[in-house]
Structure formats: structure tokens, C-alpha cells
Amino acid sequence: MIVETLGRIVIIFAIAFAVLLALALFFCFFIFRTKKIIFPNFVLFIISLLYEPLRRLLSFFRVDPTLIDRISVEIRNAFNYPDFAATKLEERVLLLPQCIRSTECPAKLSSVDGIHCIECGKCVIAELSAICKELGIRMYISPGGTFSKRILMHSRPKAMVGVACYPNLYEGALNVKLAGVPAQGVPLTTSGCVNTTVDCEEIIKKCKLQVSK
Ligand code: SF4
């Protein structure tokens, strides 16, 4: 009797798991294809609940597993848009990862506010740094680890644009949400530990987002 009941419970859980997976895949593909965000809270909930199984399933079917991360970044960006866009430019920070620096970067590292770019021109950060100065946006280059949390404490921004690989964007989004700071995430165009690339236009577009009047 007990074995039978246990068997039924296992079957019910397995069916519920399969239904949730199928729903998650359906919503992710729908959002990806149509660019329309439907049931954002529910989709974010099932993505965080089934993050690893979803990635494995996509890999199994030879679909890029970062689709899950992309959808989750897009939903969070859309969610945060009104609060982010309502802040002033000078209240925002841009947080960049150190992997986009040139391997010959001469910048010095500060334990307080990260890597100090001197705009030597060997990587795209020089251009981003100059634009941020023009806009009045504070720019930080993270040396890694828990730097994003430190910057949230140290510079107390009202809004943040974060650039990172998908796993770091996912984790960073949780940290800024906990801090109550509306953020916009921009994924790297090629990931890795060094010589990664970014879409500068996309970063600048996000930094300049304003409420349309
Ligand atoms: S532009 Fe800045 S971050 Fe890039 S290599 Fe030069 S000093 Fe380093």
C-alpha cells in the first residue's frame, strides 16, 4: 500500500515536472520568436526553478542553452525599464567586466573602486569611459568576485547598467534586485576569461535610456 502511494506521488511529481518544463520551453520560444513578453513573473519563476534542467534539455536538442539566460535578461530589463528610465544619468553607474580589457592594459587596480582606466585606447573601454564622463555616468571596471556588491554599497547608485557573461548577469541581477536598484543587463557578444567583446552601441543605448515624454 505504502509502495503504491509512493509510486503515485513519484508519478504525479514527474508529470508536474514534465508539464512545467514543456510550459517553460513554450514561453521561452514564444518570447524569443515574437519579442512579446507574456506572463513575466511566471516565466521568471519557472526559469529560476528549472534553470539547470532547461539548459540541459536545450543542449540535448542541440539548441543554444543561453536562450534561457537571454530570455531571463530580456524579461528583467523590461521589468526594470520604468524605474531605470526615471533616474537621472548622473545617478547611474555602468559596471564593466575586466575581461574586455586589453591583455596589455596599463590600468592600476584599487581595492575600493576597481580598475582605473586611463583611456590608453587599447580597448573599447576607452570609448565607453569618455562617453560616460560626457554623460555624467560613473563607470567602474570590476576585477571580479564580489565587486558588484561592493560598488552597490560604496557608490549607492539609483540605477545600474551591468555588462557580463550570462551566468554573471544572472547572479548580478539577483544582487541588484536585493539592493532595490533597477538595472539593465547587457550580455557580452563573446564570452571567456580574456579578450571578450561587447556591443558598445547597445551599452550606450542602455545607459541613455530615458522615459519618453
Ligand atoms: S583603455 Fe583603459 S581598460 Fe582598456 S587597456 Fe587602456 S587603460 Fe586598460
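Residues numbered from 1 in each chain as written. Predicted model: local features only at pLDDT ≥ 70, side-chain atom pairs only at ≥ 80, totals over all residues. Heavy atoms only, no water.

**What to know about the domain arrangement of the protein chain**
Which entries qualify depends on this criterion: An automatic or database domain assignment supplies the start and end points of every domain.
Domain parsing of the protein chain yields domain 1 (2–63) and domain 2 (87–207). For domain 1 and domain 2, the distance between their C-alpha centres works out to 32 Å.

**Thoughts on the packing of aromatic side chains**
The geometry of an aromatic ring pair comes down to the distance between the two centres and the angle between the two planes. What counts, and what does not: Centres within 6.5 Å make a pair out of two Phe, Tyr or Trp rings, where for Trp the six-membered ring is used; the pair is then stacked when the planes are under 30 degrees apart, edge-to-face when over 60, and tilted otherwise. Only protein chains enter the accessibility calculation, which uses a 1.4 Å probe; a residue whose area is less than 20% of its type maximum is buried, one above 50% is exposed, and one in between is partly exposed.
Scanning the entire structure with this criterion turns up six aromatic pairs. Ring centres 5.5 Å apart and planes at 65° place the aromatic pair F26 and F27 in the edge-to-face group. With centroids separated by 5.2 Å and ring planes inclined at 80°, the aromatic side chains of F60 and F61 adopt a geometry described as edge-to-face. Taking relative accessible area as the criterion, F61 reaches 56% and is therefore assigned exposed. Here the aromatic cluster, defined as three or more aromatic residues joined through ring pairs, consists of F26, F27, F30, F39 and F42.

**Focus on the pattern of salt bridges**
Test applied: Salt bridges are defined as contacts in which a side-chain nitrogen from Lys or Arg sits within 4 Å of a carboxyl oxygen from Asp or Glu. A run of H or I in DSSP becomes a helix once it reaches four residues, and a run of E becomes a strand once it reaches two; helices and strands are each numbered from the N terminus.
The final tally for this structure, using the stated rule, is eight salt bridges. In this structure, K133 engages E119 in a salt bridge whose closest nitrogen and oxygen atoms are separated by 2.8 Å. Taken together, the positions of K133 in helix 5 (residues 125–135) and E119 in the loop between strand 3 (114–116) and helix 5 put the pair 14 residues apart, joining distant regions of the chain. The exposure class assigned to K133 is exposed, which follows from its relative accessible area of 60%. Looking at E119, the relative accessible area reads 29%, which means it is partly exposed. Sharing partners across several salt bridges, the network here consists of E202, K205 and K206.

**Remarks on the sheet that holds strand 4 (residues 138–142)**
Spelled out, the test is: The criterion for strand pairing is that DSSP finds at least two bridges linking the strands in question. Helix axes use the C-alpha atoms of the stretch in contact, all axes being lines fitted to C-alpha atoms, and the angles between their N-to-C directions lie in the range 0 to 180 degrees. In this description, contact between two residues means that some pair of their heavy atoms is separated by no more than 4.5 Å.
The parallel open sheet is built from four strands, whose spatial order is 4-1-5-6. Two strands bound the open sheet, and with one partner strand each, they are strand 4 and strand 6 (183–187). Taking the axes of each pair of neighbouring strands and ignoring which way they run, one obtains an average angle of 15° across the sheet. Relative to strand 6, helix 4 (residues 66–85) is tilted by about 140°, and along the sheet it contacts strand 1 (92–97), strand 5 (159–164) and strand 6.

**Thoughts on helix 6 (residues 147–155)**
Our working definition: To obtain the arc, one takes the directions from the helix axis to the C-beta atoms.
Considered for burial, the residues of helix 6 that qualify are F147, S148, I151, L152 and S155. Down the axis of helix 6, the buried side of the element spans an arc of 145°, and every buried residue falls inside it. Packed against the buried residues of helix 6 are strand 1, strand 3, strand 4, strand 5 and helix 7 (166–178). Just beyond helix 6, the residue with positive phi is R156, at close to 40°.

**Remarks on the pairing of strand 6**
Put simply, the test is: Convention used here: a crossover is right-handed provided that the path from the first strand, over the helix, to the second strand proceeds clockwise when the strands point away from the viewer.
Across the five residues of strand 6, four count as buried, placing the element largely inside the fold. In terms of strand pairing, strand 5 meets strand 6 through five bridges, oriented parallel. Residue pairing for strand 6: A164 is matched across the bridge by P187. In terms of handedness, the path from strand 5 via helix 7 over to strand 6 forms a crossover that is right-handed.

**What about the side chain of S148?**
Looking at the element boundaries, S148 is found in helix 6. Taking the relative accessible area as the measure of exposure, S148 reaches 18% and is therefore buried. Not counting residues up to four positions away in its chain, the partners in contact with S148 are L95 and N175.

**Looking at the state of the cysteines**
Just so we agree on the cut-off: The definition used for a disulfide is geometric: two cysteine sulfur atoms within 2.5 Å.
This model, assessed by the stated rule, comprises zero disulfides. Here C132 is not disulfide-linked; the sulfur of C207 is the nearest cysteine sulfur, at 5.0 Å. Just so you know, C193 is unpaired, no disulfide at all, and the nearest cysteine sulfur is the one on C99, 7.8 Å from it. C193 gets classed as exposed once you look at its relative accessible area, which sits at 72%.

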